[in-house]
Amino acid sequence: MRTIYSPDQLLHAPRTEFHRGELVPGFECPQRAENVLTAVRAAGLAIEAPASFDDEQHLLRVHQPEFIEFLRTAHDQWLALGRDGDALPATWPVRGARPDRIPVELDGKLGFFSCDMATPITAGTWRTTRAAADTATSGAQLLCTGVEKTVFALCRPPGHHASRNVYGGYCYLNNAAIATQYLGDHGASRIAILDVDYHHGNGTQQIFYDRSDVLFASIHADPATDYPYFLGHDDETGIGEGTGCNVNFPLPRGTGWQSYSEALDAACQRIEDFAPDTLVLSLGVDTSENDPISAFRLNTEDYRGLGQRIARLDLPTLIVLEGGYALDDIGAHVVAVLGAFSGPG
Ligand code: OKP
Ligand code: ZN
């Protein structure tokens, strides 16, 4: 198994995020990627840089052109207004607002394209999120050319909350969705996405909601109590041609391995029934008992079990890093999952 990683992913360094009513140091920090990298290196996995992509076609297959243009230029516009630090939104579209009228002024655009105040746009955000998307896409490339059976895309920031034209939840471009679309455009015909991050992958769900060639399965904290709050319920099953190709397993706060593994078995069964040719694993390790912003109770041994159950699907698999904020544990937890997939390609 190879790991893809770009040091450009360290450039995005939010000063603070808005958390429980105050500005606190960002949980989604560069140290996360460094700690995972250190653990992956210690485990002896090969690490390589992503390929460089000449254009943005792979991004545009998933995201709205105006959204990409906004992400690329927002921080420069923020500075041009004489402001300091990181760009944050303060006003959002009312329910039912027109999706076809993009505000001209920056504060309007920040609200139009975002869903929360925890996701600052910094001087390094564009290069970092672009590097993360390229990292995931490079992993997809290795998979669909048959070079590798399992690839780990060490992505930062995460991506699964980002939809076609909304960023939020620490996510800007949807790395897993971009890689999934790339796989579909290069030979894969049925792709399952399994999202095991603590938070529901609302962006990924929305991007593929009407698609019959992509199954989205997610195990996460009940949105009644946890971010992203407004999607992730068990009656969201897809729409149109995609009806039946979306499955959510919301679980209560405090969930440990016993009930988690039952949901995982059910999700894996759904994936087997779908009969995909390729799997994309959105791997968040913020389900850890030590995670500072989450409330599940998995430990290192449980992550080994999680990896083993998913590896038993025996599919070409792209593993894309999502969340995980317990800095001392994320490396060990990621490696515990990857370990189940190691071995001859
Ligand atoms: C990203 B991923 C706390 C409220 C906002 C955002 C959580 C984003 C999680 N400041 N929380 O799914 O790990
Ligand atoms: Zn998460």
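Read on for an overview of the structure. Being a predicted model, the structure only gives us computed values, none of them experimental.

What follows deals with the layout of surface pockets. Of the volumes computed, that of the largest pocket is approximately 1,300 Å³. Lining the largest pocket are 43 residues, with Cys-115, Asp-116, Tyr-227, Pro-228 and Phe-230 sitting closest to its centre. Looking at the lining of the largest pocket, the elements with two or more residues in it are strand 2 (17-19), helix 4 (106-112) and helix 7 (202-207). When residues in the lining of the largest pocket are grouped by element, the largest group, three residues, is from strand 2. Taken together, the residues of the lining of the largest pocket break down into 18 nonpolar, 16 polar and nine charged.

What follows concerns the nonpolar core. Within soluble globular proteins, side chains that are nonpolar generally end up buried alongside one another. Within the largest apolar cluster, 48 residues are counted, with the highest numbers of intra-cluster contacts made by Phe-152, Leu-194, Tyr-260 and Ile-310. The element that contributes the greatest number of residues to this core is helix 8 (residues 257-274), accounting for seven residues. Apart from the residues lying within four places of it in its own chain, the contact partners of Phe-152 are Met-1, Arg-2, Thr-3, Ile-4, Val-36, Val-40, Ile-319, Leu-321, Val-334 and Leu-338. Counting residues in each nonpolar core, the second largest holds 44 residues, with Phe-67, Trp-78, Leu-143 and Val-280 among its members.

Okay, the packing of aromatic side chains next. Tallied over the full model, the rule gives 11 aromatic pairs. Between Phe-70 and Tyr-167 the ring centres are 6.0 Å apart and the planes differ by 25°, which places this aromatic pair in the stacked class. Taken as a pair, Phe-70 in helix 3 (residues 65-80) and Tyr-167 in the loop between strand 5 (150-153) and helix 6 (175-185) lie far apart in primary sequence, 97 residues in all. With a centroid separation of 5.5 Å and an interplanar angle of 75°, the aromatic rings of Tyr-170 and Tyr-325 are classed as edge-to-face. Here Tyr-170, found in the loop between strand 5 and helix 6, pairs with Tyr-325, found in the loop between strand 10 (317-321) and helix 10 (330-339); they are 155 residues apart in sequence, far enough to count as distant.

With that settled, consider the site of ligand 1. As a matter of local geometry, ligand 1 sits amid 14 residues, with Glu-17, His-19, His-160, His-161 and Tyr-325 nearest to it. Between ligand 1 and His-160, the relevant distance is 2.6 Å, taken from an oxygen atom to a side-chain nitrogen or oxygen of the residue. If ligand 1 stood free it would expose 400 Å²; the protein chains cover 89% of that surface. In this structure, ligand 1 is accommodated by the largest pocket. Looking at side-chain class alone, the shell around ligand 1 contains five nonpolar, six polar and three charged residues.

What follows deals with the coordination of the zinc ion (ligand 2). Taken together, Asp-197 (OD), Asp-197 (OD), His-199 (ND1) and Asp-286 (OD) make up the full set of protein donors to the zinc ion (ligand 2), lying 1.9 to 2.8 Å away. Every donor counted, the six donor atoms about the zinc ion (ligand 2) form angles of 52 to 158° at the centre, which fits irregular coordination. Donor residues for the zinc ion (ligand 2) sit on one chain with the sequence pattern D-x1-H-x86-D. The same class applies to Asp-197 as to His-199, namely buried.

Another point: the pattern of salt bridges. Summed over all chains, the structure comprises 19 salt bridges. Of the charged contacts in the structure, one is a salt bridge between Arg-61 and Asp-185, with a shortest N-O distance of 2.7 Å. Of this pair, Arg-61 sits in the loop between helix 2 (57-60) and helix 3 while Asp-185 sits in helix 6, and the two are 124 residues apart along the sequence. Judged by relative accessible area, Arg-61 falls into the partly exposed class, the value being 47%. Across the pair Asp-226 and Arg-253 runs a salt bridge whose closest N-O atoms are separated by 2.8 Å. You can see Asp-226 sitting in the loop between strand 7 (214-221) and strand 8 (246-251) and its partner Arg-253 sitting in the loop between strand 8 and helix 8, a full 27 residues away along the chain. Using a relative accessible area of 5% as the deciding quantity, one classes Asp-226 as buried. Take Arg-253: its relative accessible area is 46%, and that puts it in the partly exposed class. One continuous salt-bridge network, built from bridges that share partners, spans Glu-56, Glu-69, Arg-72, Arg-130 and Asp-134.

As a further point, take helix 1 (residues 30-42). An ideal rise of 1.5 Å per residue puts 18 Å on 13 residues; helix 1 measures up with 19 Å between its terminal C-alpha atoms. In this fold, the buried residues of helix 1 make contact with strand 1 (2-4), strand 4 (46-48), strand 5, strand 10 and helix 10. Once helix 1 ends, the next one or two residues include Gly-44, with phi positive near 85°.

Calculation rules
Residues numbered from 1 in each chain as written. Chains lettered and ligands numbered in written order. Predicted model: local features only at pLDDT ≥ 70, side-chain atom pairs only at ≥ 80, totals over all residues. Heavy atoms only, no water. 1 Å grid on protein atoms, 1.4 Å probe; cavity = no way out; pocket = protein on both sides within 12 Å on 5 of 7 lines; lining within 4 Å. Points joined across faces, edges and corners; volume = space filled by probe spheres on them. Helix = DSSP H or I, 4+ residues; strand = E, 2+ residues; numbered from the N terminus. Nonpolar A, V, L, I, M, F, W, Y, C, P; charged D, E, K, R; others polar. Core = buried A, V, L, I, M, F, W, Y, C linked by side-chain atoms within 4.5 Å. Buried < 20%, exposed > 50% of the residue type's maximum accessible area, 1.4 Å probe, protein only. Contact = heavy atoms within 4.5 Å. Phe/Tyr/Trp six-rings, centres within 6.5 Å; stacked < 30°, edge-to-face > 60°. Near = heavy atom within 4 Å. Polar contact = N/O pair within 3.5 Å; in protein donor to acceptor, adjacent residues only side chain to side chain. Areas by Shrake-Rupley, 256 points an atom, 1.4 Å probe, with all protein chains shown as cover. Sits in = over half its atoms within 2 Å of the grid points. Donors = N, O, S within 2.8 Å, 3.2 Å for Na, K, Ca; no water. Tetrahedral: all angles 85-135°; square planar, octahedral: opposite > 155°, others 65-115°. Salt bridge = Lys/Arg side-chain N within 4 Å of Asp/Glu carboxyl O. Expected span 1.5 Å × (residues − 1).

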